[in-house]
Amino acid sequence: MPAGSEGEDGPAGEQPGPGGPKLCGYLQKLSGKGPLRGFRTRWFVFDPRRCYLYYFKGPQEPLPLGHIDIASASFSYHQPEAAAAAPGDEPAAFEVHGPGGAVAVLKAATRQDMTYWLQELQQKRWEYCNNLDAAKRDSRTSPTPSDFSKGLVAKDNPDLSILSQNASAERARNILAVETSPTDLVGEQAASQPAPGQASAINFSLKQWSTELKNSMSSLRKGNNENRKSVFYTSEEWELLDPTPKDLEDSMALEEKRKHLAEGSKGLTSSAFPFDLGRIPHKARRPLLKDMMGSGKSRAGSDSSPTEWCSGTGTKLVSELQLKYQSQQEELEKLKKDLLSQKELVRLLQQTVRSSQYDKYFASRLCEGVPKDKLELLHQKDDQILGLNNQLEKLNLEKDSLQQEVKNLKCKVGELNEQLGMLMETIQAKDEVIMKLSRQLSECEDSSSSPSGAVNSPTATCANKDLQELDRLKDNLQGYKTQNKFLNKEILELSALRRNAEAREREWQAKYTSLEAKLCQIESKYLILLQEMKTPVCSEEQSPAREVITQLLEDALKAETSEQPEQAFFKPHLVSEYDIYGFQTVPEDDEEEKLVAKSRALDLRSLSLSENREISAGVKWENYLASTMNREMMRCVELKNLIRSGIPHEHRSKIWKWCVNLHVKKFKDSTVPGYFQTLLQNALEKQNPASKQIELDLLRTLPNNKHYSSPTSEGIQKLRNVLLAFSWRNPDIGYCQGLNRLVAIALLYLEQEDAFWCLVTIVEVFMPRDYYTKTLLGSQVDQRVFKDLMSEKLPRLHAHFEQYKVDYTLITFNWFLVVFVDSVVSDILFKIWDSFLYEGPKVIFRFALALFKYQEEEILKLQDSMSIFKYLRYFTRNILDARKLTAIAFGDLNPFPLRQIRNRRTYHLEKVRLELTELEAIREDFLRERETCAEKRDLISDDEEDS
């Protein structure tokens, strides 16, 4: 039994940081119930992103068999009554109690490993819940702090609200911590070792049939990885059921009986199998699997007693009746759910009908002679009231769930207090036994040391037995002390987590009250406006409605800032001053543009909230990342589809870095370590012709982003370093206007060196040669290719532009040069960049066509060249639905072969080169004429004027 540590240097201070070793290793997991119950060796890996403990069949498997939620779990273990001669070498089991009464029993190879796993899981749960207790309820998925982005957006995460640490609780946890170190079966080095042996030779599982088959096929599949079929998202028909606490006790007793009867029954076949399987209630029944269950029961019954054989028929009838009863109960529950959903639908329809009737009455009775702009404002306020009502309903539901969570935590604390009392009574009884045996031992020693004579053999034997018993009791005492210390620490942590949940509930209540007060204020002003519109009592200049409208406009244009951090939690958080990428949401100068920008920001917020209600994309990302915990990421269809749907904010830094490294691996392999720093040092120390132009463009890069808004901003220095290093690597290009914006976007999620390699990927891998040179030859070629694609994919729109002689390439040229930076809203911009960094430049053509197709009907309504060109200058800023745009780009525009783009680039490249040659010849003729003709000597060319 490992000794406990009374100092403050416990595991709480020894946890590795964000880059520390991974918590993983071999454990045995008890699953199932009945005669097939048993332990099976699995490879466990802790995922800090979601505080999940995933388990795999082996270290090299791509798909996890399942997971255990550690964030909402509690831990316990039982101290054996009799300690073995070498207690530290015996397997030790512990329990993980999850929500809903689920219990997972895990067994470590040694008690030392068990203690290490328990203290590490406790620490991970403590860190996760304290760091994300307030943030994980936010609309966006909140990762652990170690998984936040590494670029500039990592410096300010507005969605994260960290609760303050309790110093006394931390001190008590350190005192109660049990200090121990793992064996070779824990840690990443354990993956290279064979799995420890199991108690039973039978290792059979129906649940993992499909999973293991897919794992084998994924490892044997060869060829193009892009054509691999999905192995990540499948529906299972069967699953292993976690046993109840009563079944766990029966299992432990059965294991003890096996050990005692093992020697006497070597020639017999045991009827106990390591696990059982249960039917998922909501899945359809499959006769084939039912027959398999029946055959399994007959096999298990062949080793049973004659009494069990005779009662088989009755048991079968009872089981059939139970199945029928369960199916009827399931149908009843399903009907109840359907009834509730229908009632909710009726309520919503009634609300819609009332709203429609009100709108009809309002339009017919109240709107006669009212200016149009005031009507639009009234409609907006009406919509805002409806939205706030919906938000209040959501907050009420969240409040109920939090209250239920607090009740569950209180119940858990009560149960742990009862367990603690029982353990204290047990320890007291053991102490009395130890004192009694100590007195007997001292009496024996006194009698043996008396001068009366020699000690006879029976007395010596009795003394030796007493000494052995004393040693055994001392070991038990030490084990109970360790167990008591662990349980005390568990109670302390659960109490702290309960207090955090209560504090979170109070904060949500305050936020709910703030929202209700704001709703009342808006509704009051809205009613004043309605009354004034219905029966005006003053002239238009002195009307109170004008004052109310002015006040409403001022309130609407106020952006949320962080000037009062103590009140930050109580704000509704509808529109903040900056979005999560650092871009300013509302401009400061133009009043009319402020209203449009605020309206656009509210629409984006509404879309974001509606998307976050559908968590399927986030779950798919978590499942995919969990499948890559034991292997390297690879190009595949699953990853492409996930990236096209958008990378979550918390994973974007990791995926971008992986995409960049995938494309520049051949360049990186040929460079020496410190290559970026060497380039930067040379560019700073030696004369660089591009440095002057770089300095001029730094503050003009993204002036509406707070990371680049002033000379002291952190992003400015990083931007300067990356551009200087790249200009030294590519002297032929040096610096071209547009590169600064590419680097600025990359730096939001990548560090300096990774942003440098991202720029190398775009300029040297993705884009054709001469794309960013002085002639911009590649950019001109792409505009002609895009015209061809427009005539092919959008013939009506292309003909419309040709009819009114509108050159739309004047607009799209900048889209291609800087990959849509400053052309679309930020949410859409980063989704485009997600696919662009993975698939390459073809994505630019897809989204450029998708933007025109999105607004095709609106453009076709315009009937003169001036209005068309004016509309094209800003229409992309009004496209807000990223999901619809992505569906157009990757669905409606198919097929979209890359070979076609390459062929058209080759064709147009020759034509553009001929045109440039002709222009160069004309320029040379002009220079010769100017030298020979005195009248033309005062004329200068555009290049000479620029220089």
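Residues numbered from 1 in each chain as written. Predicted model: local features only at pLDDT ≥ 70, side-chain atom pairs only at ≥ 80, totals over all residues. Heavy atoms only, no water.

Draft legend 1. Fine view of the overall build of the chain. Across its full length, the chain holds 29 helices and nine strands. A buried classification covers 41% of the 947 residues belonging to the chain. Total accessible area on the chain stands at roughly 51500 Å², and carbon and sulfur atoms take up 53% of it. (Helix = DSSP H or I, 4+ residues; strand = E, 2+ residues; numbered from the N terminus. Buried < 20%, exposed > 50% of the residue type's maximum accessible area, 1.4 Å probe, protein only. Areas by Shrake-Rupley, 256 points an atom, 1.4 Å probe, with all protein chains shown as cover.)

Draft legend 2. Representation of the packing of helix α14 (residues 652-669) against helix α23 (residues 826-839). Packing of α14 against α23 leaves a shortest axis separation of 9 Å and a crossing angle of 30°. Taken together, α14 and α23 sit at an angle that is classed as roughly parallel. Crossing handedness for the pair α14 and α23: left-handed. For the pair formed by α14 and α23, the contact residues are R652, W656, W658, C659 and H663 on the first element and F830, W833, D834, L837 and Y838 on the second. (Axes fitted to C-alpha atoms, helices over the stretch in contact; angles between N-to-C directions. Parallel < 35°, antiparallel > 145°, perpendicular 65-115°, else oblique. Left-handed = near helix turned anticlockwise from the far one by under 90°. Contact = heavy atoms within 4.5 Å.)

Draft legend 3. View of the environment of I655. By the secondary structure assignment, I655 is in helix α14. Residue classification places I655 among the buried residues on the basis of a relative accessible area of 0%. For the pair I655 and Y838, spaced 183 residues apart in sequence, the C-alpha separation works out to 9.1 Å.

Draft legend 4. A look at the pattern of salt bridges. One pass over the full model with this rule turns up 22 salt bridges. Ionic pairing is found between R347 and E344, a salt bridge with its closest N-O pair at 2.6 Å. With R347 and E344 both in helix α7 (residues 312-366) and three residues apart, the pair spans about one turn of that helix. Residue R347 is classed as partly exposed on the basis of its relative accessible area of 30%. Since its relative accessible area comes to 36%, E344 is described here as partly exposed. A salt bridge links R700 to D697; the nearest nitrogen and oxygen atoms lie 2.3 Å apart. Taking relative accessible area as the criterion, D697 reaches 4% and is therefore assigned buried. Via salt bridges that share partners, E344, R347 and E393 belong to a single interconnected network. (Salt bridge = Lys/Arg side-chain N within 4 Å of Asp/Glu carboxyl O.)

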